[in-house]
Amino acid sequence: MKNITILGSTGSIGVQALNVIDNLREEFNLIGISANKNVALLAKQAKLYKPKYVCISDDRYKADLATALGPNEFKILSGRDGLLELSQNNEADTMLNALVGHNGMEPTINAINSGINIALSNKESLVMAGEIINKALKDNNVQLNPVDSEHSAIWQCLVGEDEQQVDKIILTGTILGIALK
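Residues numbered from 1 in each chain as written. Predicted model: local features only at pLDDT ≥ 70, side-chain atom pairs only at ≥ 80, totals over all residues. Heavy atoms only, no water.

1. Examining the sheet that holds strand β3 (residues 53–56)
- Read across the sheet, seven strands follow the order β4-β3-β2-β1-β5-β6-β7 without closing on themselves; strand pairing throughout is parallel. Single-partner strands in this sheet number two, and they are β4 (75–78) and β7 (144–146). On average, each strand axis in the sheet is tilted by 20° relative to the strand beside it, whichever way the strands run.
- Pairing analysis gives four bridges linking strand β1 (residues 2–7) to strand β5 (residues 94–97), with the strands arranged parallel. Residue pairing across strands places T5 opposite M95, the latter belonging to β5.
- Set on the sheet, helix α3 (residues 62–69) makes contact with β3 and β4; between it and β4 the angle comes to about 160°.
- Taken strand by strand, helix α5 (residues 105–113) contacts β1, β5 and β6 (117–120), and its axis lies near 170° from that of β5. (Pairing = 2+ DSSP bridges. Helix = DSSP H or I, 4+ residues; strand = E, 2+ residues; numbered from the N terminus. Axes fitted to C-alpha atoms, helices over the stretch in contact; angles between N-to-C directions. Contact = heavy atoms within 4.5 Å.)

This is the structure:
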């Protein structure tokens, strides 16, 4: 059984990951979840999946979360410190980082330095600190698996290929134009 932490469990990627866990409950144990400020959905997820740790990143909502969850059922973390604590909790084998923007970089590095494998939806982490992250992955013998859009597609294309033979990767985008009358 794999122990999983999901940062950003109330967003699109986090919700989709929980749907996968629903279908594979015997394979995954949810250790921790986090949200920025969606207390209602975070509390609902916590009650359904019973993770040990629940984190609300926006400190202003900690009391609301505590009220919604009730006493002593979960360890409630909050704020940036709580998110960073959750990201380096090595009770998890894998951390899904589905945070938005630059907020995901430090949790990614924390998890890697704690020996936790990464399922990364937060491509900004790699844009801002790719060299640092790649070195930490190698130094800590940790795996990073991209799970969102373009970087996952590139990763899937490279499976089974000799990366030394790849000269460049060209990523194209499509722009949809709509002509109005």
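Still more to cover.
2. Overview of the packing of helix α2 (residues 39–49) against α3
- Orientation of α2 relative to α3, taken along the N-to-C sense of each, is 40°, at an axis distance of 10 Å. Crossing handedness for the pair α2 and α3: right-handed. On the side of α2, the interface is formed by V39, L42, A43, A46 and K47, while α3 contributes D64, L65, A68 and L69.
- Residue composition of the contact of α2 with α3, grouped by class: seven nonpolar, no polar and two charged. (Left-handed = near helix turned anticlockwise from the far one by under 90°. Nonpolar A, V, L, I, M, F, W, Y, C, P; charged D, E, K, R; others polar.)

3. Some remarks on the pairing of β1
- The buried fraction of β1 amounts to five of the six residues, a majority that puts the element mostly inside the structure.
- Bridge count for β1 against strand β2 (residues 28–35) is six bridges, and the pairing is parallel. Within β2, the residue paired with I6 across the bridge is I33.
- Crossover β1 to β2 through helix α1 (residues 12–23) is right-handed. (Buried < 20%, exposed > 50% of the residue type's maximum accessible area, 1.4 Å probe, protein only. Right-handed = clockwise from strand over helix to strand, strands pointing away.)

4. Overview of unusual backbone geometry
- If you check the backbone angles, K50 has positive phi at about 55° while not being a glycine.
- Within the secondary structure, K50 sits in the loop between α2 and β3.

5. Regarding the pattern of salt bridges
- For the coordinates displayed, the defined rule picks out seven salt bridges.
- Taking the shortest distance from any N to any O, the salt bridge between D58 and R60 comes out at 2.6 Å.
- Its relative accessible area of 62% is what places R60 among the exposed residues.
- With a shortest N-O distance of 2.6 Å, K135 and D139 are connected by a salt bridge. Of this pair, K135 and D139 both sit in helix α6 (residues 123–140), four residues apart, which is roughly one turn of the helix. (Salt bridge = Lys/Arg side-chain N within 4 Å of Asp/Glu carboxyl O.)

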